[in-house]
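Take a look at the letters that make up each chain.
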Number of protein chains: 2
Amino acid sequence: MTTRPNVLWIMADQLRFDYLSCAGHPHLHTPHIDALAARGVRFTNAYVQSPVCGPSRMSAYTGRYVRSHGSTWNGMPLRVGEPTLGDHLREVGARAVLVGKTHMTADAEGMAWLGIDPESEIGVRVSECGFEPFERDDGLHPDSPRQNWSAYDDYLVAQGYVSENPWEDFANSGLDADGELLSAWLLKHSRLAANVPEEHSETAYMTDRAMDFMREAQSDGRPWVCHLSYIKPHWPYIVPAPYHDMYDESHILPPVRSGAERETDHPLLRAYHEARVCKSFSRDHVREHVIPAYMGLIKQLDDNLGRLFAWMDEQGMSENTIIAFTSDHGDYMGDHWMGDKDFYHEMAVKVPLIIADPRPEAEGTRGLVSDALVEMIDLAPTFMAAIGCEAKPHVIEGRDLTPILHGSGGFSRRYVISEHDYHWSDMARSLNQPQEDAHTVMIFDGRWKYIRCEGYRPVLFDLETDPDELTDLGASQAVDPVAVRARMEAALLDWARRHHTRITATPTVLARQKKAAETGILIGFWDEKEYEEVTGKPFDSLTPVGRP
Amino acid sequence: MTTRPNVLWIMADQLRFDYLSCAGHPHLHTPHIDALAARGVRFTNAYVQSPVCGPSRMSAYTGRYVRSHGSTWNGMPLRVGEPTLGDHLREVGARAVLVGKTHMTADAEGMAWLGIDPESEIGVRVSECGFEPFERDDGLHPDSPRQNWSAYDDYLVAQGYVSENPWEDFANSGLDADGELLSAWLLKHSRLAANVPEEHSETAYMTDRAMDFMREAQSDGRPWVCHLSYIKPHWPYIVPAPYHDMYDESHILPPVRSGAERETDHPLLRAYHEARVCKSFSRDHVREHVIPAYMGLIKQLDDNLGRLFAWMDEQGMSENTIIAFTSDHGDYMGDHWMGDKDFYHEMAVKVPLIIADPRPEAEGTRGLVSDALVEMIDLAPTFMAAIGCEAKPHVIEGRDLTPILHGSGGFSRRYVISEHDYHWSDMARSLNQPQEDAHTVMIFDGRWKYIRCEGYRPVLFDLETDPDELTDLGASQAVDPVAVRARMEAALLDWARRHHTRITATPTVLARQKKAAETGILIGFWDEKEYEEVTGKPFDSLTPVGRP
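If you're wondering where the values come from, they're calculated on a predicted model, not measured in any experiment.

Draft legend 1. The confidence of the model for chain A, seen in detail. All names here are of chain A. When the pLDDT values of chain A are averaged, the result is 93; 95% of them are 70 or greater. Considering only residues more than four positions removed or in separate chains, one finds that residues 542–548, a stretch of pLDDT under 50, has 28 contacts. Confidence metrics for the complex model read pTM 0.94 and ipTM 0.92.

Draft legend 2. Local environment of the interface of chain B and chain A. Opposite the 110 residues of chain B that make contact, chain A presents 111 residues. Between chain B and chain A, a total of about 9,800 Å² is buried, with carbon and sulfur atoms accounting for 58% of that surface. The largest share of the area that chain B buries against chain A comes from Arg79, Trp113 and Trp526 of chain B, three residues that together contribute 9% of it. Joining chain B to chain A, the criterion identifies twelve salt bridges. Between Glu82 of chain B and Arg79 of chain A there is a salt bridge, with its nearest N and O atoms 2.7 Å apart. The interface formed by chain B and chain A holds 40 residue pairs in polar contact (both at pLDDT 80 or more) in total. In terms of residue count, the dominant contributor to the side of chain B that touches chain A is helix 19 (residues 507–520) of chain B (seven residues).

Draft legend 3. Broad picture of the packing of helix 1 (residues 31–38) of chain A against helix 13 (residues 284–314) of chain A. Residues and elements named next belong to chain A. Orientation of helix 1 relative to helix 13, taken along the N-to-C sense of each, is 55°, at an axis distance of 7 Å. Between helix 1 and helix 13, the crossing angle belongs to the class labelled oblique. Listed contacts from helix 13 to Pro31, His32, Ile33 and Leu36 of helix 1 are Lys299, Asp302, Asp303, Leu305, Gly306 and Phe309.

Draft legend 4. Seen up close, the relation of the copies chain B and chain A. Least-squares fitting of chain B to chain A yields an RMSD of 0.1 Å, with the superposition described by an axial translation of 0.0 Å and a rotation of 180°. What the superposition gives is, in effect, a two-fold axis relating one chain to the other. When the interface residues of chain B are mapped onto chain A, 99% of them are again interface residues, pointing to one common binding face.

Draft legend 5. Seen up close, the packing of aromatic side chains. All names here are of chain A. According to the stated counting rule, one finds 42 aromatic pairs over all chains in the structure shown. With 6.2 Å between their ring centres and 75° between their planes, Tyr237 and Tyr294 make a pair best called edge-to-face. Pair noted here: Tyr237 is in the loop between strand 7 (224–229) and helix 10 (259–262) and Tyr294 is in helix 13, with a separation of 57 residues, a long-range link. Between Tyr531 and Phe539, the ring centres sit 5.1 Å apart and the planes meet at 80°, which makes this aromatic pair edge-to-face. It is Arg39 that lies over the ring of Phe309; its NZ or CZ is 5.7 Å from the centre.

Draft legend 6. Representation of the pattern of salt bridges. Applying the stated rule across the entire model yields 86 salt bridges over all chains. The closest approach of N and O atoms between Asp13 of chain A and Lys101 of chain A, which form a salt bridge, is 2.7 Å. Taken together, the positions of Asp13 of chain A in the loop between strand 1 (6–12) and helix 1 and Lys101 of chain A in the loop between strand 3 (95–100) and helix 5 (108–113) put the pair 88 residues apart, joining distant regions of the chain. Comparing Asp13 of chain A with Lys101 of chain A shows no difference in burial state: the two are buried. Arg215 of chain B is the salt-bridge partner of Asp212 of chain B, the closest N and O atoms lying 3.0 Å from each other. Of this pair, Asp212 of chain B and Arg215 of chain B both sit in helix 9 (residues 202–220), three residues apart, which is roughly one turn of that helix. Exposure remark for Asp212 of chain B: the relative accessible area of 28% places this residue in the partly exposed category. Arg215 of chain B sits in the partly exposed class, given a relative accessible area of 42%. Overlapping salt bridges bring together Arg414, Asp494 and Arg497 of chain A together with Asp437, Arg452, Glu454 and Glu489 of chain B as one network.

Draft legend 7. Seen up close, the domain arrangement of chain A. Taken as a whole, chain A is organised into domain 1 (6–413) and domain 2 (507–541). Spacing between the C-alpha centres of domain 1 of chain A and domain 2 of chain A amounts to 54 Å.

Draft legend 8. Representation of the sheet that holds strand 12 (residues 416–421) of chain A within the structure. Residues and elements named next belong to chain A. Strand order across the open sheet formed by four strands is 12-13-14-15, with antiparallel pairing between neighbours. Of all strands in the sheet, those with a lone pairing partner are strand 12 and strand 15 (459–462), marking the two edges. Between one strand axis and the next, the sheet turns through 10° on average, direction left out of account. As defined by bridge partners, strand 13 (residues 439–444) adjoins strand 14 (residues 448–453) across five bridges and the pair is classed as antiparallel. Within the sheet, the bridge partner assigned to Thr440 lies in strand 14 and is Cys453.

Draft legend 9. Structural view of helix 13 of chain A. Residues and elements named next belong to chain A. With 31 residues, helix 13 should cover 45 Å at 1.5 Å per step; its first-to-last C-alpha distance of 45 Å lies within 8% of that length. A large share of helix 13 lies buried, amounting to 22 of its 31 residues. Directly after helix 13, the chain includes Gly316, whose backbone phi takes a positive value near 70°.

Draft legend 10. How the structure looks around the pairing of strand 8 (residues 321–327) of chain B. Residue and element names in this part refer to chain B. Taking burial as the measure, the seven residues of strand 8 include seven buried ones, the bulk of the element. Residues Thr321, Ile323, Phe325 and Ser327 line one face of strand 8 and the alternating positions Ile322, Ala324 and Thr326 line the opposite face, and both faces are buried. With seven bridges connecting them, strand 1 (residues 6–12) and strand 8 associate as parallel partners. Across the sheet, Ala12 pairs through a bridge with Ser327, a residue of strand 8. Pairing between strand 8 and strand 9 (residues 350–356): four bridges, direction antiparallel. Its bridge partner lying in strand 9, Ile323 is registered against Ala356.

Draft legend 11. Here's a closer look at unusual backbone geometry. That bond from Lys232 of chain A to Pro233 of chain A is cis: its omega, 10°, falls within 30 degrees of zero. Turning to its location among the elements, Pro233 of chain A is positioned in the loop between strand 7 and helix 10. Of note, the bond from Ala241 of chain B into Pro242 of chain B is cis; its omega dihedral lies within 30 degrees of zero at 0°. The residue Pro242 of chain B is located in the loop between strand 7 (224–229) and helix 10 (259–262) in this model. One non-glycine residue, Gln14 of chain A, lies in positive phi territory at about 70°.

Draft legend 12. Geometry of the sheet that holds strand 15 (residues 459–462) of chain B. Residues and elements named next belong to chain B. Strands sit in the order 12-13-14-15 across an open sheet of four strands; the sheet is antiparallel. The sheet is open, and its two edges are formed by strand 12 (416–421) and strand 15, each paired on a single side. Neighbour to neighbour, the strand axes of the sheet diverge by 10° on average, direction disregarded. Note: strand 12 against strand 13 (residues 439–444), six bridges, orientation antiparallel. If you follow His420 over to strand 13, its bridge partner there is Thr440. Packed on one face of the sheet, helix 18 (residues 479–496) meets strand 12, strand 13, strand 14 (448–453) and strand 15 and runs near 65° to strand 14.

Draft legend 13. Here's a closer look at the side chain of Glu419 of chain A. Residue and element names in this part refer to chain A. Mapped onto the fold, Glu419 is located in strand 12. Here Glu419 is buried and forms no salt bridge, its nearest opposite-charge partner Arg67 lying at an N-O distance of 4.8 Å. Of the polar contacts made by the side chain of Glu419, one reaches the backbone nitrogen of Val66; its length is 3.4 Å. Beyond its immediate stretch of four places on either side in the chain, Glu419 contacts Gln49, Ser50, Pro51, Tyr65, Val66, Arg67, Tyr344, His439, Thr440, Val441 and Trp495.

Draft legend 14. Region of the structure containing the side chain of Ser229 of chain A. All names here are of chain A. Residue position: Ser229 is located in strand 7. Looking at Ser229, its side chain comes within polar contact range of the side chain of Arg57, at 2.9 Å. In terms of polar contacts, Ser229 uses its side chain to reach the side chain of His227, at 3.4 Å.

Draft legend 15. Representation of the environment of Arg452 of chain B in the model. Following the sequence through the fold, Arg452 of chain B ends up in strand 14. When its relative accessible area of 14% is taken as the criterion, Arg452 of chain B is described as buried. Residues Arg452 of chain B and Ile387 of chain B lie 65 residues apart in sequence; the distance between their C-alpha atoms is 37 Å. In contact with Arg452 of chain B, not counting residues within four places along its chain, are Leu493, Asp494 and Arg497 of chain A together with His439, Thr440, Val441, Glu489 and Leu492 of chain B. Reaching out from Arg452 of chain B, the side chain makes a polar contact with the side chain of Glu454 of chain B at a distance of 2.9 Å.

Calculation criteria
Within each chain, residue numbers correspond to sequence positions counted from 1 in written order. Chains carry letters and ligands carry numbers; both start at the beginning, A for chains and 1 for ligands, and go up in the order they are written. Residues qualify for local features only when their pLDDT is at least 70, as the model is predicted, and side-chain atom pairs are given and counted only at 80 or more; totals for whole chains, interfaces and linings, by contrast, use all residues. Just so you know, side-chain values use all the structure's heavy atoms and leave hydrogens and water out. Within a predicted model, pLDDT stands for the predictor's per-residue confidence, ranging from 0 to 100. Contacts are assigned to residue pairs that have any heavy atoms within 4.5 Å of one another. Two parts lose some accessible area (1.4 Å probe) when they are put together, and adding that loss for both gives the buried area. The rule for a salt bridge is simple: a side-chain nitrogen of Lys or Arg has to be within 4 Å of a carboxyl oxygen of Asp or Glu. Here a polar contact is recorded for every N or O atom pair within 3.5 Å, except that within protein the pair must consist of a potential hydrogen donor and a potential acceptor, and residues adjacent in sequence are included only if both atoms are side-chain atoms. Helix and strand labels come from DSSP, where a helix needs a run of H or I of at least four residues and a strand needs a run of E of at least two; each type is numbered from the N terminus. Orientation is described by axes fitted as lines to C-alpha atoms, over the contacting stretch for helices, and by angles from 0 to 180 degrees between their N-to-C directions. For classification purposes, angles smaller than 35 degrees are called roughly parallel, those larger than 145 roughly antiparallel, those between 65 and 115 roughly perpendicular, and all remaining angles oblique. Here the copies are matched by least squares. The fit uses the C-alpha atoms of residues with pLDDT of at least 70 in both. Stacked, tilted and edge-to-face pairs are distinguished by plane angle, under 30 degrees for stacked and over 60 for edge-to-face with tilted covering the rest, among Phe, Tyr and Trp rings (Trp via its six-membered ring) whose centres lie within 6.5 Å. Comment: the charge-over-ring label is applied if NZ (Lys) or CZ (Arg) is within 6 Å of the ring centre and within 35 degrees of the ring normal. A simple rule labels every residue: compare its accessible area, found with a 1.4 Å probe on the protein chains alone, to the largest value its type can have, and call it buried under 20%, exposed over 50%, or partly exposed in between. Marked domain ranges trace back to an automatic or database domain assignment. The rule for pairing is simple: two strands pair if DSSP sees at least two bridges between them. Multiplying 1.5 Å by the helix residue count minus one yields the expected span of that helix. Positive charges are assigned to Lys and Arg, negative charges to Asp and Glu, while His and the chain termini are left out of the count.

Below, the structure is given as structure tokens:
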């Protein structure tokens, strides 16, 4: 193998950290993902920078915090000029290729301002978050008028699955015993088999497309990072046979929640509890329908990854490809009386992360389980280092994980950060929270998880004594919580005061500034003698060529 | 006059707030600036967002804090895609025109990345901080190899002042009794007459150029904001006759400083005191040479403004032109044992600000002296409002001053912020401070000025009991300072946690998100009945057109 490997960066969507057998799930067996962990490093404390798709992914694809890139919510365009992983890779002749979902919204206004044609090569990249879009598919086509017809829709039609919205009618609906079509947007239909054979499902299709890309890349020859980004197990929760009835009520773990949690006096938490999706997932019958489908989707994903990894082995690609597997956030599934994601309990903000590095330097860490505090933004610099990009501390806020992968030591992080902008939400509406203040931020140091809630008291959990996060110490007057809250506020300020936008401080610019500071500015010299003493150079009294 | 006035935005460079007769200087008479104040509002608490040219100006021209636009130091390019005042004005058909200095450095790398030709119309604007460059001249051409030949150099040559560096040899040098050319880069030459007649000085030239623009604009017809941006009284400190000997030692005010200040235990303040420019300006003989020249430069500027205002009256322009007068920062001139600027005592961070608004709504405030806390970033939204731009709270961080100008009430600000990135400096080198941590930030609430110094204890002044800022309470254990420090840390966190980069949250984007949140996402509905109860609409079970 060469010293410059390729990277296959697999991302599931809405996959909890604990729904894998290698992470301890007792009923869900994911042997292919487990095998990846056995030949790589599995991280047990990997956190996303926002517990929702869009901002989490924009952080992943830029290596920067949400507060830095500014795309704080789904559909908030990533501004033109925000540097992406793809931009850095292209500088060294490597490709950043997308197969699947990004949740990117293009900054049409910014492009128009700068005269960038969205259809041009640069415009396409800017619109696709820096990726070369081999296949872009965000899923989520709930009905025809808002349908964003995708290549997967074309594929379904070509296979004979003809409809105005094949994504919805086949891949995300089921048939009842009478052959009636029932949409999986309604949770009670989650346990039906999807109206499409497994081999034509979106998960199988995207796996095939990744193979298509890798085949093509072999002849292209340039090194690459391929982002294989699955839509599932994100809702609509429905999975093709045979996965739809592999799991039932007997495989569902009891919800992580307590009666006391419902009695919280925290206005924002109460607003969450009152939101439709949280009320819905707090019902047992919803969990009993959704969780088996969710587990089936993960099982299906694992089987597809098994197929992909076997194919890569056959092609001789495995020995030269770093494989990373992760998710953009988790799913509450009724834990803590909540549904979907959007807050900071472990099942929402912590994600699975496995990186298998085939290079010999990683021999000593195969099968390692690392409890280091890591962030999703660490992946971009890790991939950049593998591909041979220069480090860019003025842009990249994540930290290169290579020291962990190669067991060489030297990686450290004191805390992880995650942010959420809920201006769009039921919670903001019910609380009448001003748009600017509908914002929360989590800081977690491995023990204490502190959640600053603009306009309300903070939320605080001690994961050492309360690993299930059932006891909110945000208002506790006990010594530890009081001290921790002050310490966390200080740490947040320390983080917030850093340069997050000084992205033009390139080595070239800094060198120019250093030179200017040393030689360019003559301010403060009294006379020639002082100038010569300080600088060691003669002061050149300039002679005009002529004067009137 | 129309309801859509033009704006003449005059900026001096390095002009202290207190070197004007309207601000109380006992020896320096500035009748023309005073007259402007008499027909407008004079602000006595106007603060810049950084006590140094480049970042202060980038804040002025974007209406955004330094932490937001990221151009933290001179020569740090303003990133491509950072929205400027000019961009907003152009949206409503108005012009933003530059005559003079911006201290802008173009983001060549960013432009290259986005395929923007620096010579194209958009490229020029991006390179000129959003302005249409009628005349760009940053001054500061210290020697030939680094000379940026300017139109003013051409002008001097055309007038017969021929040299390899006319800016230096004529406008910024003097002749001694023997006719020897002596550079004003050396402070001992400050009291020589500049080697150019007043009418060909840079200040006079730039005044003429503003008239040229306004003449041209009359036929153009579009409304405009013209930024007339003088290089002086910034160093090199030298002024043409007769201004060079209008002032002498008898007009110099005693330095604002105390022996105790020199004994500070604060490492950063000690490093400032040891910096060359501070040591230099702490010497009486330096002050005695420089301050008379500085005063002469201001007097010359005032006379040129008198000439300009009289011409505008003759042209009938005054009644339709808002005139703002300010500076990008001040000058220590030896106060507090410091020289130049770069820190937060009043003479460095507070600037003169006068706005004369000819509109009838401002009749009631003519001659008003306002002690409201205002920031340089307030000018952009004030001008935008006058020209008829929509408010852009997702981009503009300053606050429209129109309520003060029109006496209508409703303006408020709890504190002003200023920042400084000293990574380039003598202080950073002597302290061995890492580049990322060479950063200070000031927050001032009108009484307490709190300066957070990364890596060191804070500095704190109580301007109510210590208006000269001689007593640093940063380490005081008295009740008030301890409480104030905690309050200021909290206020800084409150400021820092705000959205500073969410600039794509346009009204269009927010409306789309609101619609998506209300109608687009079907997550959490159990069945058709629940959907219909919640939404009041029937759930459309979709019918596929065909299936295999």
